[in-house]
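Below, each chain spelled out in residue letters.
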Protein chains: 4
Amino acid sequence: MPHEKYTSCIEACYDCAEACNHCAAACLKEDDVKMMARCIALDVDCAQICELAAAVMSRASESSKAVCTACAEICRLCGEECAKHRTDHCQECAQACKRCEEECRKMAAAA
Amino acid sequence: MPHEKYTSCIEACYDCAEACNHCAAACLKEDDVKMMARCIALDVDCAQICELAAAVMSRASESSKAVCTACAEICRLCGEECAKHRTDHCQECAQACKRCEEECRKMAAAA
Amino acid sequence: MPHEKYTSCIEACYDCAEACNHCAAACLKEDDVKMMARCIALDVDCAQICELAAAVMSRASESSKAVCTACAEICRLCGEECAKHRTDHCQECAQACKRCEEECRKMAAAA
Amino acid sequence: MPHEKYTSCIEACYDCAEACNHCAAACLKEDDVKMMARCIALDVDCAQICELAAAVMSRASESSKAVCTACAEICRLCGEECAKHRTDHCQECAQACKRCEEECRKMAAAA
């Protein structure tokens, strides 16, 4: 398939989108939601850009570079925020964001 | 994780989104693009509703039923169109659509 | 333009998406975020399905019926939740949801 | 509303998303679809990043800068391609892309 070179990054993006969406919903069920407000906001942004990045790469699109550059930056913001919180969903999300940031930076450099 | 009951359907949705996006781009590179026009149009729709379905299920959202109902219907349309074409990307997409349609119908019935 | 019959519904969808996204962010800044948790969750869902509905209608897609049916249902859920809260952003969002629900129901019946 | 400073850019993004989605569907109905293949591909990318840009700005999100930077770049690619084709939908789309590119560049510089 022509989008094979993107496979690892697409997978990282879908994993991250799923982790971010799960984290956002789980944060909204925490006792102290207020403390999680920035985490929720970034989770939603990050999930959306990750889904878009996966989409453009699946289309082997020439837009991949621009989208992956933005995706790496938002993964960084979201991953750093998630890393501050001790809940499992935040820690798992931080890991997914970090991996996705790395994959997207490589892709943006190569695309 | 609270969205575990959705895991299999989320995976089917991401697989289908990737297959549809790949199929759309590959159809645009075929010699007879005109013959693929409906396939391209449905691929784009199907990829987008699949990504949304994965997102709402990852959030264990109460919107899952409505989104999965729509997703199953669009997977059916797209899968039937793809099945008409002999190219590998269309045949693979038809399979992904069929599996995703089934998963989404189960989810819509259960949610 | 071939998507003229959709114009009024597309506009309602974009208005609703904007109102829902704004409401979600504003709810996250309220003192009692916990009370707004369901509102935030539905706002995010509703904004996403509204953007998708606008997209498929702008493409005059045969998927419009299925997407508008789901959109109307999620607008109803979100609008009813928003209507319970006195803040301006919730009241404005409830109005946008109600209008979008009506437009999408008409579209789903006609498409 | 806290997202007032984004109003003009959000509007440009929704206009551009609608124009791109319409252009993609209209290109697929042209006699010589093959000639429009790159236009269709970029239209789909551009519509998606424009909808995401409108969403993050409606949430007054700190991700706005990264998303608007990517959006401006993809609007440039799409607008330049559309400008090459004489059909009304391409010419209208080229205009919408150009305006959205400008608004997104200003936003990215200011955010």
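Residues numbered from 1 in each chain as written. Chains lettered and ligands numbered in written order. Predicted model: local features only at pLDDT ≥ 70, side-chain atom pairs only at ≥ 80, totals over all residues. Heavy atoms only, no water.

- Taking an unreviewed UniProt entry as the reference, chain A is identified by name as Four-helix bundle copper-binding protein belonging to Ramlibacter aurantiacus.

Looking at the relation of the copies chain A and chain B
Here is step 1: Structural alignment of chain A on chain B gives an RMSD of 0.0 Å, achieved by rotating through 180° and translating 0.0 Å along the axis. Here the copies are linked by what is in effect a two-fold axis.
Here is step 2: Of all interface residues in chain A, 100% are interface residues in chain B too; the two copies therefore contact each other through one and the same surface. (Least-squares fit on C-alpha atoms with pLDDT ≥ 70 in both. Contact = heavy atoms within 4.5 Å.)

Brief notes about the interface of chain D and chain A
Here is step 1: The partner chain A presents 19 residues to the 19 residues of chain D that form the contact.
Here is step 2: Of all residues in chain D, D45, L52 and E62 of chain D bury the most surface against chain A, accounting for 33% of the area lost on that side.
Here is step 3: Summed over the shared surface of chain D and chain A, the result is four salt bridges.
Here is step 4: Note that D45 of chain A and R59 of chain D form a salt bridge whose closest N and O atoms lie 2.8 Å from each other.
Here is step 5: The interface formed by chain D and chain A includes 10 residue pairs in polar contact (both at pLDDT 80 or more).
Here is step 6: Listing elements by their share of the side of chain D that touches chain A, those giving two or more residues are helix 2 (37-58) and helix 3 (64-83) of chain D.
Here is step 7: In terms of residue count, the dominant contributor to the side of chain D that touches chain A is helix 2 of chain D (nine residues).
Here is step 8: Here the side of chain D that touches chain A is composed, by residue class, of 11 nonpolar, three polar and five charged. (Buried area = accessible area lost by both parts, 1.4 Å probe. Salt bridge = Lys/Arg side-chain N within 4 Å of Asp/Glu carboxyl O. Polar contact = N/O pair within 3.5 Å; in protein donor to acceptor, adjacent residues only side chain to side chain. Helix = DSSP H or I, 4+ residues; strand = E, 2+ residues; numbered from the N terminus. Nonpolar A, V, L, I, M, F, W, Y, C, P; charged D, E, K, R; others polar.)

Here we look at empty space enclosed by the protein
Gaps left between atoms show up when a probe the size of a water molecule is rolled over them.
Here is step 1: This structure, assessed with the given rule, holds two cavities of 30 Å³ or more.
Here is step 2: Put simply, the largest cavity is a space of about 420 Å³.
Here is step 3: In terms of lining, the largest cavity is formed by 21 residues, of which the most central are E51 of chain A, Q48 and E51 of chain B together with Q48 and E51 of chain D.
Here is step 4: The set of elements that each furnish at least two residues to the lining of the largest cavity consists of helix 2 (37-58) of chain A, helix 2 (37-58) of chain B, helix 2 (37-58) of chain C together with helix 2 of chain D.
Here is step 5: Examining the composition of the lining of the largest cavity, we find that five residues originate from one element, helix 2 of chain B, more than from any other.
Here is step 6: Here the residues of the lining of the largest cavity sort into nine nonpolar, six polar and six charged. (1 Å grid on protein atoms, 1.4 Å probe; cavity = no way out; pocket = protein on both sides within 12 Å on 5 of 7 lines; lining within 4 Å. Points joined across faces, edges and corners; volume = space filled by probe spheres on them.)

Some words on the pattern of salt bridges
Here is step 1: Under the definition given, this model contains 36 salt bridges over all chains.
Here is step 2: With a shortest N-O distance of 3.3 Å, K84 of chain A and E81 of chain A are connected by a salt bridge.
Here is step 3: With a relative accessible area of 6%, E81 of chain A lands in the buried category.
Here is step 4: The salt bridge involving E101 of chain C is made with R105 of chain C; its shortest N-O contact spans 2.8 Å. Taken together, the positions of E101 of chain C and R105 of chain C, both in helix 4 (residues 88-110) and four residues apart, correspond to about one turn of that helix.
Here is step 5: When its relative accessible area of 17% is taken as the criterion, E101 of chain C is described as buried. (Buried < 20%, exposed > 50% of the residue type's maximum accessible area, 1.4 Å probe, protein only.)

Here's the deal with the interface of chain A and chain B
Here is step 1: Counting residues at the interface gives 17 residues for chain A, matched by 17 residues for chain B.
Here is step 2: Summed over both sides, the interface of chain A with chain B buries roughly 1,600 Å², with 56% coming from carbon and sulfur.
Here is step 3: A per-residue breakdown of the area chain A buries against chain B is headed by Y14, E18 and H22 of chain A, which together make up 36% of the total.
Here is step 4: Seen at the junction of chain A and chain B, the total is six residue pairs in polar contact (both at pLDDT 80 or more).
Here is step 5: Breaking the side of chain A that touches chain B down by element, the ones donating at least two residues are helix 1 (7-27) and helix 2 of chain A.
Here is step 6: The element contributing the most residues to the side of chain A that touches chain B is helix 1 of chain A, with seven residues.
Here is step 7: For the side of chain A that touches chain B, a count of residues per class yields nine nonpolar, four polar and four charged.

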